[in-house]
Amino acid sequence: MTDDTIGIDIHRLSDGKMMSFSNCPAGFKALSKFCAKTAVTRVVYEATGAYHSGLERA
């Protein structure tokens, strides 16, 4: 089993696949759906000003 880590703004998984999601409600929803289909061990992101608050609320 491989542990995947998702880094917001990095988007690199153990298989090298890269994804990008918009910083808006639709992007948060797409990210949530993506994570639901992936064996995610952790999600990390940098809390930088207003850019992270929408993700936290979602």
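Here's what I pulled together on the structure shown here. Worth saying up front: this structure is predicted, and the values here are computed from it rather than measured. (Residues numbered from 1 in each chain as written. Predicted model: local features only at pLDDT ≥ 70, side-chain atom pairs only at ≥ 80, totals over all residues. Heavy atoms only, no water.)

1. Observations concerning the overall build of the protein chain
- A tally of helices and strands in the protein chain yields two helices and two strands.
- Each helix (α) and strand (β) of the protein chain, taken in turn from the N terminus, gives the series β-α-β-α.
- Every one of the 58 residues in the protein chain was classed for burial, and the buried ones make up 24%.
- A separation threshold of at least 6 residues defines the contact pool for the protein chain, and within that pool the share at least 24 residues apart is 48%.
- For the protein chain, the computed accessible surface area is about 4300 Å², with 54% contributed by carbon and sulfur atoms. (Helix = DSSP H or I, 4+ residues; strand = E, 2+ residues; numbered from the N terminus. Buried < 20%, exposed > 50% of the residue type's maximum accessible area, 1.4 Å probe, protein only. Contact = heavy atoms within 4.5 Å. Areas by Shrake-Rupley, 256 points an atom, 1.4 Å probe, with all protein chains shown as cover.)

2. Digging into the packing of aromatic side chains
- By the definition in use, this model includes one aromatic pair.
- Aromatic side chains Phe-21 and Phe-34 sit 5.7 Å apart centroid to centroid with 45° between the ring planes, which places their arrangement in the tilted category. Linking Phe-21 in the loop between β1 (4-7) and α1 (25-36) with Phe-34 in helix α1, this pair joins segments that are 13 residues apart in sequence.
- In this structure Phe-21 comes out as partly exposed when scored by relative accessible area, which is 21%. (Phe/Tyr/Trp six-rings, centres within 6.5 Å; stacked < 30°, edge-to-face > 60°.)

3. Looking at α1
- Taking 1.5 Å per residue as the helical rise, α1 with its 12 residues ought to reach 16 Å, and the 17 Å between its terminal C-alpha atoms agrees with that figure.
- Among all positions in α1, only Gly-27, Phe-28, Leu-31, Phe-34 and Cys-35 are buried. For α1, the buried positions fall inside an angular range of 120° around the axis, keeping them on one side. Structural note: α1 exposes Pro-25, Ala-26, Lys-29, Lys-33 and Ala-36 on the side pointing more than 90 degrees away from its buried face. (Expected span 1.5 Å × (residues − 1). Arc of directions from axis to C-beta.)

4. Quick look at a positive patch on the surface
- There is a patch of like positive charges on the surface, built from Lys-17, Lys-29, Lys-33 and Lys-37.
- By secondary structure assignment, the location of Lys-29 is in helix α1.
- Accessibility expressed as a relative area gives 53% for Lys-29, which makes it exposed. (Patch = residues over 30% accessible without salt bridge, like charges linked within 9 Å, V, L, I, M, F, W, Y side chains within 5 Å. Salt bridge = Lys/Arg side-chain N within 4 Å of Asp/Glu carboxyl O. Lys, Arg positive; Asp, Glu negative; His and termini not counted. Charge placed at Lys NZ, Arg CZ, Asp CG, Glu CD.)

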